[in-house]
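A structural walkthrough
These are the residues of each chain, in order.
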Amino acid sequence: MLDGATFARMLRDFRLLLLGAFLCVGVGCGDDSAATGETPDMQSVDMETPDEGAPEDMGPEVSPVCEELGLTPVAFQEGTGDLFGDVAGDFRVQELDGSTWSFEESFTGCENMVFFAYFPGVAASDELWTAGLILDPFVETPLNTHYFFVTDIGTEGARVGRLQSIERAIEASLDFLEIRGEDRERQLNRFHLVSTQLTTVEGSVGSFARSYLEYMGSPEARVNIGDRNGDGEDDFTGAPLPFAFAIDRDQRWDPVGSLSTRVGGPQALRMGTFAGDFFDAKARMRERVAAENAAGARVVSLVDEDVTERVFTRTVTLPDLSGVDTMNFDVSVTCPFRSPFACSEWDRIALIEVCLDGAACEDRREVVRWITPYWRRGNRRWLIDASPFMGLVASQGPDVTFRIVMGPNWERATERRVTMSLRFTSDGGPRSAGAERLYTGGRFDGSYAENHPDVSFTVPAGATRVELVTILSGHGQDGSTNCAEWCDHRHTFTVDGTPLATIRHEGGIFVPTGCAERSGEGIPPGQWGNWPQSRAYWCPGLPVDAIRQDITSLVTPGVESTVAYDASLAGRPPPTEHNANISLSTYVVWYE
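Residues numbered from 1 in each chain as written. Predicted model: local features only at pLDDT ≥ 70, side-chain atom pairs only at ≥ 80, totals over all residues. Heavy atoms only, no water.

Attention now moves to the packing of helix α6 (residues 156-176) against helix α7 (residues 181-188). Where α6 meets α7, the closest approach of the two axes is 11 Å, and the angle between their N-to-C directions is 150 degrees. As judged from the angle between their axes, α6 and α7 are roughly antiparallel. Crossing hand, α6 versus α7: right-handed. When α6 is examined against α7, the residues Ile170, Glu171, Leu174 and Asp175 are found in contact with a partner set consisting of Arg184, Gln187 and Leu188. The class makeup of the residues in the contact of α6 with α7 is 3 nonpolar, 1 polar and 3 charged. (Axes fitted to C-alpha atoms, helices over the stretch in contact; angles between N-to-C directions. Helix = DSSP H or I, 4+ residues; strand = E, 2+ residues; numbered from the N terminus. Parallel < 35°, antiparallel > 145°, perpendicular 65-115°, else oblique. Left-handed = near helix turned anticlockwise from the far one by under 90°. Contact = heavy atoms within 4.5 Å. Nonpolar A, V, L, I, M, F, W, Y, C, P; charged D, E, K, R; others polar.)

A sheet is described by the order of its strands in space; here 4 strands give the open sequence β11-β18-β13-β16, paired in antiparallel fashion. The sheet is open, and its two borders are formed by β11 (298-307) and β16 (378-385), each paired with just one other strand. For this sheet, the mean inter-axis angle between neighbouring strands, taken without regard to orientation, is 10 degrees. With 9 bridges joining them, β11 and strand β18 (residues 416-425) adopt antiparallel strand pairing. The residue of β18 that forms the bridge with Asp304 is Thr419. The sheet contacts of helix α9 (residues 274-294) involve β11, β13 (326-335), β16 and β18, and relative to β16 the element is tilted by about 55 degrees. (Pairing = 2+ DSSP bridges.)

All right, on to α6 then. Along an α-helix, residues three or four apart share an orientation, since each turn contains 3.6 residues. A rise of 1.5 Å per residue sets the reference length of α6, with its 21 residues, at 30 Å; its end C-alpha atoms lie 30 Å apart and thus fit the reference within 8%. All of the buried residues along α6 are Arg159, Leu163, Ser165, Ile166, Ala169, Ile170, Ser173 and Leu174. Phi turns positive, to about 55 degrees, at Glu178, one or two residues after α6. (Expected span 1.5 Å × (residues − 1). Buried < 20%, exposed > 50% of the residue type's maximum accessible area, 1.4 Å probe, protein only.)

This structure, assessed with the given rule, holds 41 aromatic pairs. Here Phe138 and Phe191 contribute two aromatic rings whose centre-to-centre distance is 6.4 Å and whose plane-to-plane angle is 45 degrees, an arrangement assigned as tilted. With Phe138 in helix α5 (residues 136-139) and Phe191 in strand β5 (residues 191-194), the pair connects residues that are 53 residues apart, well separated along the chain. Of the residues examined, Phe191 reaches a relative accessible area of 6% and is grouped as buried. (Phe/Tyr/Trp six-rings, centres within 6.5 Å; stacked < 30°, edge-to-face > 60°.)

Attention now moves to the confidence of the model for the protein. Averaged over every residue, the pLDDT of the protein is 89; residues scoring 70 or more account for 89%. Below a pLDDT of 50 lies the segment residues 1-50, which in the model reaches 123 contacts outside its immediate sequence neighbourhood of four places, other chains included. (pLDDT = per-residue confidence, 0-100.)

Next up on the list: the nonpolar core. Side chains of nonpolar character tend, in soluble globular proteins, to be buried together. Judged by nonpolar contacts, the single largest core of 67 residues is most densely connected at Phe91, Phe116, Trp129 and Phe149. For this core, the element with the most residues is strand β3 (residues 112-118), which contributes 6 residues. Those residues in contact with Phe116, other than ones at most four positions away along the chain, are Trp129, Phe138, Tyr147, Phe148, Phe149, Val150, Phe243, Ala244, Leu259, Leu269 and Gly272. By size, the runner-up hydrophobic cluster in this structure holds 43 residues, among which are Val300, Val307, Ala435 and Ile471. (Core = buried A, V, L, I, M, F, W, Y, C linked by side-chain atoms within 4.5 Å.)

All right, on to the environment of Ile371 then. If you trace the backbone, Ile371 turns up in strand β15 (residues 364-371). For Ile371, a relative accessible area of 0% puts it in the buried group. The sequence separation of Ile371 and Arg348 amounts to 23 residues, and the corresponding C-alpha distance is 5.5 Å. Residues in contact with Ile371, not counting those within four places in the same chain, are Asp347, Arg348, Ile349, His475, Trp538, Cys539, Pro540, Gly541, Leu542 and Val544.

Here Thr151 shows up in strand β4 (residues 145-151). Take Thr151: its relative accessible area is 0%, and that puts it in the buried class. At a separation of 3.3 Å, a polar atom in the side chain of Thr151 contacts the main-chain amide nitrogen of Ile153. Residues contacting Thr151, with those up to four places away along its chain left out, are Tyr118, Trp129, Arg159, Arg162, Leu163, Thr196, Gln197 and Leu198. (Polar contact = N/O pair within 3.5 Å; in protein donor to acceptor, adjacent residues only side chain to side chain.)

Quick look at the side chain of Ser125 now. Take Ser125: it is sitting in helix α4 (residues 123-131). With sequence-adjacent residues up to four places away left out, Ser125 is seen in contact with Ala117, Tyr118, Phe119 and Phe243.

Moving on to a negative patch on the surface. Judged by side-chain charge, Asp227, Asp231, Glu233 and Asp234 come together as a negatively charged surface patch. Take Asp231: it is sitting in the loop between β7 (223-226) and β8 (235-237). (Patch = residues over 30% accessible without salt bridge, like charges linked within 9 Å, V, L, I, M, F, W, Y side chains within 5 Å. Areas by Shrake-Rupley, 256 points an atom, 1.4 Å probe, with all protein chains shown as cover. Salt bridge = Lys/Arg side-chain N within 4 Å of Asp/Glu carboxyl O. Lys, Arg positive; Asp, Glu negative; His and termini not counted. Charge placed at Lys NZ, Arg CZ, Asp CG, Glu CD.)

Most of β18 sits inside the fold, with 9 of its 10 residues counted as buried. Summarising the sheet, β13 and β18 pair through 9 bridges and their orientation is antiparallel. Following the sheet pairing, Met327 is matched in β18 by Phe424.

Here it is, written out as structure tokens:
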């Protein structure tokens, strides 16, 4: 017999599957628009770079939740402001049961605070707080995330009525999941039903709400999003209401963003449950970088500036690389505006290439790739492993030029704060000595096979390990197959007659929350686009991981080998006429 929690998860997945039946399928599903235009003069946020102003460690005392979840607590900070990225200060609220809750007095140093706000007379609020009351997913999230339900209704009786509906939904979820006793009490302690009116909350939360609502009514909130109606005139849009916002593990304001399940689709409170995982991922990344720095990581700054360009080059001088075997790119991008519509709007391919001909950069090789998120305020950050290409990069040194692509040049130029660096550390593994590119992708149609003939290569004598390394993502939405973004395309390499395991997207294509479930890997939730659904080998706002296949036993160093490559659509050749595209970089990599 299934236990209550397992059954609840299955029921939730079934509910989400039903929602998936209404998701768009076909041309245009992943696209919001193709607007161009000038960046408006928006109110910007003074965002700190990820390693600046990080909260200090609290010391030896650790709260039970922090200890249970293995989280590193940080010290409470004084508030600095009401803008996204600012440090959120203390606040106090009265809860539905008459008790008072204080942020500073309850602070453990390892918890996230997610707020859901109800605004009277707004249809979307009614949608969220009635149809959106499937709260089982909230109970299943880690205990270090607290949820606050707060309304801006002016009369106390009406506020209490709204909150009581949430209270009943929480109790029903706990009953359904058969959570009782101490576990039930722990769950209830992280749900806060705030009887104080939102804009009158004492401290930072009330100040934040008043400031943002005032901003919404100002000219600065109107964003030029280009000609969206096709009439030759620029279109403008205002900032959205803060139906959800948060204070993350670093005690900073985060917008949380859209709670829609898809573009034009219904909003659901459960979409806010992915925020805590995202905040925890950023905290783990900050802690990892700090630990590596303390252990002597060699760091080279690549970019540290405000950027509006989409494509540009930077030249750096490599450090002494003796004794290191790991190379990561630390990529941090912050949209500094209060309205998401002043941020970049598309899920674009972003990448970094090493230039093999110096500053000219006509001959270049991709070493890391990520996909930009849809309209998303605030900071996103990733550590992208490029260790297989350390030998290729080092062979261009000591001065190396990189080409950085953050989307197409013709896209609407919005300002972002960008910091990127190369990080060299040692994990005790083999060290990459070189790489040779064998294949790139292209149009996934009837000519794909003939455009990818067999390729021969010879790894140097003395190589101790050899890999085939592939960076792969599918794009395009052909009307007949929904390829190659949303289809089951598979890739098989054969080395000297021996086929390697077929590269195939695991977990299914177009699962309604397939990408959202990966927020713990660093996907920014609440994007204003079709971000939750899983794609073929990628998600909006996440790196495209290199796929590494060990072929050491199949080749002989110093002796020529041959690779054959085949790609199929669910085991069949792609259609002859097919508007789909495979973005591919496949290398043979050898190690010392």
